[in-house]
Structures are given as C-alpha cells and as structure tokens.
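# Breakdown of the fold
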Amino acid sequence: MAKRRLFLSLGNEGQKKLSKFFKDEKIDIISKDAQWLLCSEDEIIWVVGRRADERFKVTDSKRTILKFELHT
C-alpha cells in the first residue's frame, strides 16, 4: 500500500496531500513526474524549487541548520 504524502507548506494552515498541493498549484502531470522532493524518512522537507514545509523552516530556536542549494 502506498504511503500518503502529507505536506505542510509555508504560509498555509494544516497539512495537505502532495497530490492536492500539485493540483492547487496547477502543476501538470509531466511536471509532477519530474518534480524533486527533499525528504527526511517519510516527511517532505521541500518540494524543490516550489515550497518548503512549515515544520522545517529556519527560526531563532534552531540550533543546527543545513543549507541545500540546487544549481541547474
């Protein structure tokens, strides 16, 4: 059974399925298939180039920060 991919995008209230996020952002099927995700185990950290997850944003209370850059 496939796992539901939940995502809490920055600036939005509550979690939503990744498929719902793609639909709301009007992302076509070809782009969805090619979309990169940065994950930590089963949690989505970043829909690369689109939106980060609220739970992983940088705040004053964070002690360790990893910086990821994508160069195309």
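About the criteria used
- Residues numbered from 1 in each chain as written.
- Predicted model: local features only at pLDDT ≥ 70, side-chain atom pairs only at ≥ 80, totals over all residues.
- Heavy atoms only, no water.
- Salt bridge = Lys/Arg side-chain N within 4 Å of Asp/Glu carboxyl O.
- Helix = DSSP H or I, 4+ residues; strand = E, 2+ residues; numbered from the N terminus.
- Buried < 20%, exposed > 50% of the residue type's maximum accessible area, 1.4 Å probe, protein only.
- Pairing = 2+ DSSP bridges.

### Quick look at the pattern of salt bridges
Scanning the model with the defined rule gives seven salt bridges in all. Among the ionic pairs, Glu 25 bridges to Arg 51, the shortest N-O distance being 3.1 Å. With Glu 25 in the loop between helix 1 (18–24) and helix 2 (29–34) and Arg 51 in strand 5 (residues 51–52), the pair connects residues that are 26 residues apart, well separated along the chain. Look at Arg 51 and you get partly exposed, because its relative accessible area is 23%. Connected through shared salt-bridge partners, Lys 16, Lys 20 and Asp 24 make up one network.

### A word on the sheet that holds strand 5
Here three strands make up an open sheet; going across it, the order is 3-4-5 and the pairing antiparallel. Here the strands that pair on one side only, and so sit at the sheet edges, are strand 3 (37–40) and strand 5. With two bridges connecting them, strand 4 (residues 43–47) and strand 5 associate as antiparallel partners. Bridge pairing in strand 5 places Val 47 opposite Arg 51.

### Focus on the pairing of strand 4
Two strands pair when backbone bridges link them, and strand 3 and strand 4 are joined in this way by four bridges, in the antiparallel orientation. When the bridges of strand 4 are listed, Cys 39 appears paired with Ile 44. Counting the residues between successive antiparallel strands, the hairpin from strand 3 to strand 4 contains two residues, one of them, Glu 41, with a positive phi of roughly 55°. Taking the residues between adjacent antiparallel strands as the criterion, strand 4 and strand 5 are bridged by three residues, where Gly 49 takes a positive phi near 80°.

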